[in-house]
Amino acid sequence: MGLLDKIFEKANEEEQTMEKLNIGIILGSTRQGRVSPQVGEWVKGIADKRGDANYEIVDIADFKLPFLGEADAPGIAAWNEKLASLDGFVFIVQEYNHSITGALKNALDLAREAWNNKAAGIVSYGSTGGARAAEHLRGICGELKIADVRTHPTLSLFTDFENGSTFKPQELHLTNVNAMLDEVVAWSGALKTLRQ
Ligand SMILES: Cc1cc2nc3c(=O)[nH]c(=O)nc-3n(C[C@H](O)[C@H](O)[C@H](O)COP(=O)(O)O)c2cc1C
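Note that the coordinates shown come from a computational prediction; the quantities given were computed from them, not determined experimentally.

I'd like a description of the site of the ligand, backed by residues and values.
Residues in contact with the ligand amount to 15 residues; listed here are only the nearest, Ser-29, Arg-31, Tyr-96, Tyr-125 and Ser-127. Interatomic distance of 2.9 Å between a backbone N/O atom of His-98 and an oxygen atom of the ligand. The separation between an oxygen atom of the ligand and a polar main-chain atom of Ser-127 is 2.7 Å. About the coverage of the ligand: the protein hides 75% of its 610 Å² of free accessible area. Grouping the amino acids of the shell around the ligand by side-chain chemistry returns four nonpolar, seven polar and four charged.

Shown next as structure tokens:
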């Protein structure tokens, strides 16, 4: 391949990267010893193989968010800027007392416009696949104008984790994760036109 061809190929790749949607994989738990990073990395690994969007892990813990109204920490602006840079989301949701974590609820409350008119998928885990937490999150998504897609991979603490701590997902979830991402990418692209 000649030098010019290489330059054109590189420029083409860069243009495609810039045009691609940005999807954030949001880790919903922040506690020490949490398993959400394992689950998030697994989803990102599947997502990156698709090449259809720019996927990144967004860790709520990195932003050191105060509880809403308690303090004016710089993390709040950084959190809003990060969300504003994203076209869609995949929430990694864990079930705490039949709902989402306090950390995720607070992070949801700390932004408004940055969530609006974007799509989201949910990957949840818990003793019953985190289903109750995920359903609570769907109600919140409605209020924040986040279009949550139907397909919802549910991971079991009993069959997808060893000792509840080492993530060993069953093969069967792969199809569901890809179907969920198909929907997130399609809806994120459609909703982007509303925000332009
Ligand atoms: C405060 C608390 C409450 C929990 N409540 C539930 C529950 O109601 N249902 C459930 O299936 N699992 C529950 N669990 C188990 C968690 O789903 C499990 O520990 C999971 O690994 C938590 O996600 P994390 O490791 O990312 O924090 C609870 C865990 C904690 C820490």
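Account for the pairing of strand E4 (residues 118-126), with residues named and values stated.
The buried count for E4 comes to nine of nine residues, which makes it a mostly enclosed element. For the crossover from strand E3 (residues 88-94) across helix H4 (residues 102-109) to E4, the handedness is right-handed. With three bridges joining them, E4 and strand E5 (residues 146-148) adopt parallel strand pairing. Bridge pairing in E5 places Lys-118 opposite Ile-146. Between the parallel pair E4 and E5, the chain is carried across by helix H5 (residues 131-143), and the sense of this crossover is right-handed.

Which residues make up the environment of Trp-115, and what are the values?
Counting through the fold element by element, Trp-115 comes out in the loop between H4 and E4. Trp-115 gets classed as buried once you look at its relative accessible area, which sits at 0%. Once the C-alpha coordinates of Trp-115 and Gly-139 are considered, the two residues, 24 residues apart in sequence, prove to be 14 Å apart. Not counting residues up to four positions away in its chain, the partners in contact with Trp-115 are Ile-26, Trp-79, Leu-83, Phe-89, Phe-91, Ala-107, Leu-108, Leu-144, Lys-145 and Ile-146.

Requested: an account of helix H6 (residues 173-195), with residues and values cited.
Residues spaced three or four apart along an α-helix face the same direction, because each turn holds 3.6 residues. An ideal rise of 1.5 Å per residue puts 33 Å on 23 residues; H6 measures up with 32 Å between its terminal C-alpha atoms. Residues of H6 that are buried include every one of His-173, Val-177, Met-180, Leu-181, Val-184, Val-185, Ser-188 and Leu-191, and no others.

Which residues make up the pairing of strand E2 (residues 53-59), and what values go with them?
Pairing analysis gives seven bridges linking strand E1 (residues 21-27) to E2, with the strands arranged parallel. Bridge pairing links Asn-22 to Asn-54 in E2. Taken together, E1, helix H2 (residues 36-50) and E2 form a β-α-β motif whose crossover is right-handed.

Describe unusual backbone geometry, naming the residues involved and giving the relevant values.
In this structure, His-98 takes a positive phi of about 65 degrees despite not being glycine. Under the relative-accessibility criterion, His-98 is labelled partly exposed at 44%.

Outline the environment of Val-184, listing residues and values.
Among the structural elements, Val-184 can be located in helix H6. Sequence-distant contacts of Val-184, that is, excluding residues within four places in its chain, are made with Ile-23, Phe-89, Ala-119, Ala-120, Gly-121 and Val-149.

Tell me what's going on with the pattern of salt bridges, and back it up with residues and numbers.
Taken as a whole and judged by the stated rule, the model has 12 salt bridges. The salt bridge partner of Asp-59 is Arg-34, with a shortest N-O separation of 2.8 Å. Of the two residues, Asp-59 sits in strand E2 while Arg-34 sits in the loop between E1 and H2, which places them 25 residues apart along the sequence. In this structure, Asp-109 engages Lys-105 in a salt bridge whose closest nitrogen and oxygen atoms are separated by 3.0 Å. Of this pair, Asp-109 and Lys-105 are both found in helix H4, four residues apart, which corresponds to roughly one turn of the helix. In this structure Lys-105 comes out as partly exposed when scored by relative accessible area, which is 34%. Three or more residues are tied together by salt bridges with common partners; here these are Arg-50, Asp-52 and Asp-182.

Procedures and definitions
Residues numbered from 1 in each chain as written. Predicted model: local features only at pLDDT ≥ 70, side-chain atom pairs only at ≥ 80, totals over all residues. Heavy atoms only, no water. Near = heavy atom within 4 Å. Polar contact = N/O pair within 3.5 Å; in protein donor to acceptor, adjacent residues only side chain to side chain. Areas by Shrake-Rupley, 256 points an atom, 1.4 Å probe, with all protein chains shown as cover. Nonpolar A, V, L, I, M, F, W, Y, C, P; charged D, E, K, R; others polar. Buried < 20%, exposed > 50% of the residue type's maximum accessible area, 1.4 Å probe, protein only. Helix = DSSP H or I, 4+ residues; strand = E, 2+ residues; numbered from the N terminus. Right-handed = clockwise from strand over helix to strand, strands pointing away. Pairing = 2+ DSSP bridges. Contact = heavy atoms within 4.5 Å. Expected span 1.5 Å × (residues − 1). Salt bridge = Lys/Arg side-chain N within 4 Å of Asp/Glu carboxyl O.

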